[in-house]
Amino acid sequence: MSTCPQYIVDYMHEYLDGDISREHEQQLKNHLQVCSDCRQHMHELSDTIAFVKSAAHITAPPYFEEKVMKRLPKEKNRVGIQKWFRRHPIIIAAAVFFLFMSAALVSSYPNDEFSVTTQPNLIVNGQTVIVPEGEVVKGDIVVKNGDLVIEGEVDGNVTVINGGQYMASTSVVTGQIKEIDEVFEWLWFEMKDMANDFKALFEE
Amino acid sequence: MDALVNKRIKQVLKGDQSAFSDIVNLYQHKLYQICYRMLGNQQEAEDISQEAFVRAYINLHTFDQKRKFSTWLYRIGTNLCIDRIRKKKPDYYLDAEVAGTDGLNMYSQIASKEQLPEETVQQLELQDRIQYEIGRLPDKYRSVIVLKYIEELSLQEISEILDMPLGTVKTRIHRGREALRKQLSNL
């Protein structure tokens, strides 16, 4: 066999792998017919494979599944949250954005203090703001934590936050009138306000 | 089967730990068999194959569901086996043998590299003999021979499991076959 070329053994393995070309297979067959040593070698290889393949199928020991399940780490909250974070990056981004946004909004949320837009010819009486009869207020009026009584004319928008707004029959308001009581309305108002400021920034 | 496995994987990823038991149930025997053939010891095989399932569970979010789960799982298992073989000390079993040897004969306790006298080998039962001969193979041939002839996996799958080129897998199988042939013909 020592005189046989090495490629014959290579062909044997190609044959055993099942990816031998027709050409190689023919050469191998021709050689095996004349060379008893190589025939022997081929037999031994086939026997080796048969030997290994005769290994019995082994099954896992009893209670294997239960034992694995016991070994699994307990689903910790932290792990769960991390997993959730990984799978929802957009929600996380939105939440972070919202957090900053709301911080900005809360800081400007009306506290209990009474305030009013300073306009000439407005009368402030305790926590009540009066637009006197016969007067014309030019510009917007915003009243926080107080009431607004309109007897005269307002040439602009009127907004009352956490308060009431009363109009006399003589009153005229050229813009919009709004009363804001709820937190969400307030947020909405602030956001629209920001958007308007933003727009104004570009229009300038 | 792949559809079922992927469904269970999704459930586990959503936090339903119990869905993992079906996955274990499906693959336990095959994975245990690989580990047993690689390590030649029942207790170690059980420990390593369980560890492989635990690691698969922990790293399940890294598994690409377009691929075959068994390939991924066997890869974890064979890597753990190879690590264990490398760390193994020759006198490891002297202590381990005493405890709960229920159903184990002495041959399942033999360290894989250990040589037996010829007469003893010839007296082995066929199944013990097979395990003994596989255990005598060098590690790099043993893993490919086990995957190819005991698990009957394709060369392509073996190359993915062991993370080596197809050509290397072929070479190792060829050499493994020759090594086994020599082991068997010497007796």
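Residues numbered from 1 in each chain as written. Chains lettered and ligands numbered in written order. Predicted model: local features only at pLDDT ≥ 70, side-chain atom pairs only at ≥ 80, totals over all residues. Heavy atoms only, no water.

(A) Just a nonpolar patch on the surface, in detail. All names here are of chain A. A cluster of nonpolar side chains, Trp 84, Phe 85 and Ile 91, forms an exposed patch at the surface whose accessible area comes to about 300 Å². As for its position among the elements, Trp 84 is in helix α5 (residues 77–87). For Trp 84, a relative accessible area of 39% translates into the label partly exposed. (Patch = residues over 30% accessible without salt bridge, like charges linked within 9 Å, V, L, I, M, F, W, Y side chains within 5 Å. Areas by Shrake-Rupley, 256 points an atom, 1.4 Å probe, with all protein chains shown as cover. Salt bridge = Lys/Arg side-chain N within 4 Å of Asp/Glu carboxyl O. Helix = DSSP H or I, 4+ residues; strand = E, 2+ residues; numbered from the N terminus. Buried < 20%, exposed > 50% of the residue type's maximum accessible area, 1.4 Å probe, protein only.)

(B) Looking closely at the interface of chain B and chain A. Taken together, the contact between chain B and chain A spans 45 residues of the former and 34 residues of the latter. Across the chain B/chain A interface, buried area totals approximately 3900 Å², and carbon plus sulfur atoms make up 61% of it. On the chain B side of the interface with chain A, the three residues burying the most area are Tyr149(B), Arg177(B) and Arg181(B), jointly 16% of the side's total. The closest approach of N and O atoms between Lys67(A) and Glu46(B), which form a salt bridge, is 2.9 Å. Remark: the boundary between chain B and chain A carries 18 residue pairs in polar contact (both at pLDDT 80 or more). Of all the secondary structure elements, the ones that give two or more residues to the side of chain B that touches chain A are α2 (20–39), α3 (42–58), α7 (126–136), α8 (139–150) and α10 (166–185) of chain B. The dominant element in the side of chain B that touches chain A, judged by the number of residues it contributes, is α2(B), at ten residues. Classifying every residue of the side of chain B that touches chain A by side-chain character gives 19 nonpolar, 14 polar and twelve charged. (Contact = heavy atoms within 4.5 Å. Buried area = accessible area lost by both parts, 1.4 Å probe. Polar contact = N/O pair within 3.5 Å; in protein donor to acceptor, adjacent residues only side chain to side chain. Nonpolar A, V, L, I, M, F, W, Y, C, P; charged D, E, K, R; others polar.)

(C) Seen up close, the sheet that holds strand β7 (residues 153–155) of chain A. Residue and element names in this part refer to chain A. If you walk across this open sheet you meet the three strands as β4-β7-β10, and the pairing is parallel. Bordering the open sheet on either side are β4 (136–138) and β10 (172–173), each of which pairs with just one other strand. Where β7 meets β10, two bridges bridge the pair, whose relative direction is parallel. Bridged to Glu 153 within β10 is Val 172. (Pairing = 2+ DSSP bridges.)

(D) Geometry of the sheet that holds strand β9 (residues 165–167) of chain A. All names here are of chain A. Read across the open sheet, the four strands follow the order β2-β3-β6-β9; overall the sheet is mixed. The open sheet has two edge strands, β2 (123–125) and β9, and neither has a second partner. Taking the axes of each pair of neighbouring strands and ignoring which way they run, one obtains an average angle of 20° across the sheet. One ladder, built from four bridges, connects strand β3 (residues 128–131) with strand β6 (residues 147–150); its direction is parallel. Of the residues in β6, the one forming a bridge with Val 131 is Ile 150. (Axes fitted to C-alpha atoms, helices over the stretch in contact; angles between N-to-C directions.)

(E) Expanded view of the UniProt feature "domain: Putative zinc-finger" (unreviewed entry) in chain A. UniProt's feature table lists "domain: Putative zinc-finger" (unreviewed entry) at residues 8–39 of chain A, given in the numbering used throughout. Overall, residues 8–39 of chain A shows 84% helix and 0% strand. The separation of its end C-alpha atoms is 11 Å. (UniProt positions renumbered as here; feature names shortened; annotations may be inferred.)

(F) Quick look at the nonpolar core. Core analysis: the largest hydrophobic core is formed by 74 residues, its most contacted members being Met12(A), Val52(A), Ile9(B), Phe20(B), Tyr27(B), Phe53(B) and Phe69(B). Sorting elements by how many residues they give to this core places α2(B) first, with eleven residues. Ignoring anything within four residues of it in the chain, the contact list for Phe20(B) reads Val68(A), Met69(A), Leu72(A), Val12(B), Phe53(B), Ala56(B) and Tyr57(B). If you look at the next biggest cluster of nonpolar residues, it comprises twelve residues, including Leu122(A), Val137(A), Ile141(A) and Ile150(A). (Core = buried A, V, L, I, M, F, W, Y, C linked by side-chain atoms within 4.5 Å.)

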